[in-house]
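Listed below are the residues making up each chain.
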Amino acid sequence: MEFGFTEREELLRKSIAEFAEREIAPLVEKMETEGEFDPCLIPKLAQMGILGIITPPEYGGTGMGHVAKTIVIEEIAKVCPGVGLTLEGHFVCTYLIQTFGTQEQKSRYLPLLTSGEALGSLSVTEPTGGSDVAGIQTRAAKRGNCYVLTGRKCFISNSHLAKIHATLARTGEGSKGLSTFILENTFPGFSLGRKERKMGLRGATTGEIVLQECKVPLDNLVGKEGEGMKQVLATINQAGRPGMAAVALGICYASLVHGARFARERELYGRPISDLQAIQFLLADIYAQAEGAKLLLYRAASLLDHGEDADVEATLAKYMACEAAFKCARQAAEIHGGYSAIKGYTMERLLRDAYVTIPSTGTAQVAKVVLGRHVMKHLHN
Ligand SMILES: Cc1cc2nc3c(=O)[nH]c(=O)nc-3n(C[C@H](O)[C@H](O)[C@H](O)COP(=O)(O)OP(=O)(O)OC[C@H]3O[C@@H](n4cnc5c(N)ncnc54)[C@H](O)[C@@H]3O)c2cc1C
């Protein structure tokens, strides 16, 4: 087992870190105030090859894979976790299409998604509950030369930005009655609902999608009817959870940097508070949490690059990284004393961002259901 990054991966990390400082950092305050992603970043992300990083070159991507994607999201999330979430929302769409789409769907949609002509979304959650995927109510009925979809999706990352939405709907009963469709935002009957005002990750646009007799060509069914649940769960496990874990990991390391910087600069009793062992213990805890989450996440990403499904490893990484992000952000905020409560201080924002990673792509409880089942099936004897 190898624990190091390759030279290519280190170079990628450096160039993404520079890109994030140069292009994203100046926009953080604006996105934070407006509560949405700034679309001026889309062509820049495309030009860097970021939007197609998991997509094969024949569809316009760079095909660098899951470890590379993780590096990209982690480095961007260190500067703006909301932009990290925007990328995660885009990658789940591209992953689903490139993994389960027909040749025609891949040729039509992936070049748009990798070139920045279109951002993507994965639209699963409904107001009746996100954890109960099998219980979704959006209906898709075959009528003549199209499917007609009616329903409402909520909490969708990139809702108001994406032009291409991989959308789960019901074509039959139960969990085997779900199917995935590729929707374009120009299809008749497609409209947008509320844009959410989130407490954190405000650099990402999140909102509702409303389908009122939305007409979708038959060719836009992904795979076969009834395969939707399997496709969506695989996508969440293999792209969504590692993506959110990378956002959380970025928050862990940003907390370490901001906590250490404040500790060096803040003087009490005539010396920097970094001299106090209590403050060093907080920093040690942040460091330990971040490094633990990092190992779990890059193990999952590496397994995915080796063609393994890594569902359990990805769920474990997502759960641990998000818990770590919240703990790291809280401890780094504590180092800031009262300044952690003041708008404009980065830790005030990161603490809110960290909390919002926890329910995204599945709650902590749902992750523990998956992990508990794994323990009972494979590890308990
Ligand atoms: C910032 C953000 C971005 C998001 N982006 C997307 C997106 O791009 N696409 C998309 O489809 N969705 C997205 N979501 C939705 C997200 O996946 C859901 O919020 C999540 O799955 C939980 O669903 P829910 O909010 O309806 O909570 P519910 O499912 O109603 O859960 C309520 C409570 O019940 C608990 N619970 C549920 N089931 C169990 C169980 N079996 N055992 C124990 N406890 C349980 C939960 O842990 C939670 O505490 C996003 C959410 C956020 C916050």
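Residues numbered from 1 in each chain as written. Predicted model: local features only at pLDDT ≥ 70, side-chain atom pairs only at ≥ 80, totals over all residues. Heavy atoms only, no water.

Peer 1: Got a minute to help me understand the site of the ligand in this structure?
Peer 2: Among the 20 residues in the neighbourhood of the ligand, the closest are listed as Thr125, Gly130, Ser131, Thr363 and Gln365. Within the backbone of Phe155, one N or O atom sits 2.9 Å away from a nitrogen atom of the ligand. Thr363 places a side-chain nitrogen or oxygen 2.6 Å from an oxygen atom of the ligand. Summarising the interface, the protein chains cover 65% of the accessible area of the ligand, which totals 980 Å² for the free molecule. Put simply, the ligand lies in the largest pocket. Within the residue set of the shell around the ligand, elements represented by two or more residues are strand S3 (146-157) and helix H11 (364-379). Along the lines of polarity and charge, the residues of the shell around the ligand split into nine nonpolar, ten polar and one charged. Counting residues domain by domain, the shell around the ligand receives three or more from each of domain 2 (121-228) and domain 3 (229-379). (Near = heavy atom within 4 Å. Polar contact = N/O pair within 3.5 Å; in protein donor to acceptor, adjacent residues only side chain to side chain. Areas by Shrake-Rupley, 256 points an atom, 1.4 Å probe, with all protein chains shown as cover. 1 Å grid on protein atoms, 1.4 Å probe; cavity = no way out; pocket = protein on both sides within 12 Å on 5 of 7 lines; lining within 4 Å. Sits in = over half its atoms within 2 Å of the grid points. Helix = DSSP H or I, 4+ residues; strand = E, 2+ residues; numbered from the N terminus. Nonpolar A, V, L, I, M, F, W, Y, C, P; charged D, E, K, R; others polar. Domains from an automatic or database assignment.)

Peer 1: Would you take a moment to explain the domain arrangement of the chain for this structure?
Peer 2: For interface size, the figure often reported is the accessible area lost on association. Domain parsing of the chain yields domain 1 (7-119), domain 2 (121-228) and domain 3 (229-379). Using C-alpha coordinates to define each centre, domain 2 is positioned 29 Å away from domain 3. Across the boundary between the two partners, domain 2 contributes 17 residues, which contact 15 residues of domain 3. Here domain 2 meets domain 3 over a buried area of about 1,300 Å², counting both sides, of which 68% is carbon and sulfur. When residues of domain 2 are sorted by the area they lose upon contact with domain 3, Met199, Leu201 and Glu227 head the list and together hold 43% of the total. For the pair domain 2 and domain 3, the number of links is zero salt bridges. Our count for the domain 2 to domain 3 interface comes out at ten residue pairs in polar contact (both at pLDDT 80 or more). (Contact = heavy atoms within 4.5 Å. Buried area = accessible area lost by both parts, 1.4 Å probe. Salt bridge = Lys/Arg side-chain N within 4 Å of Asp/Glu carboxyl O.)

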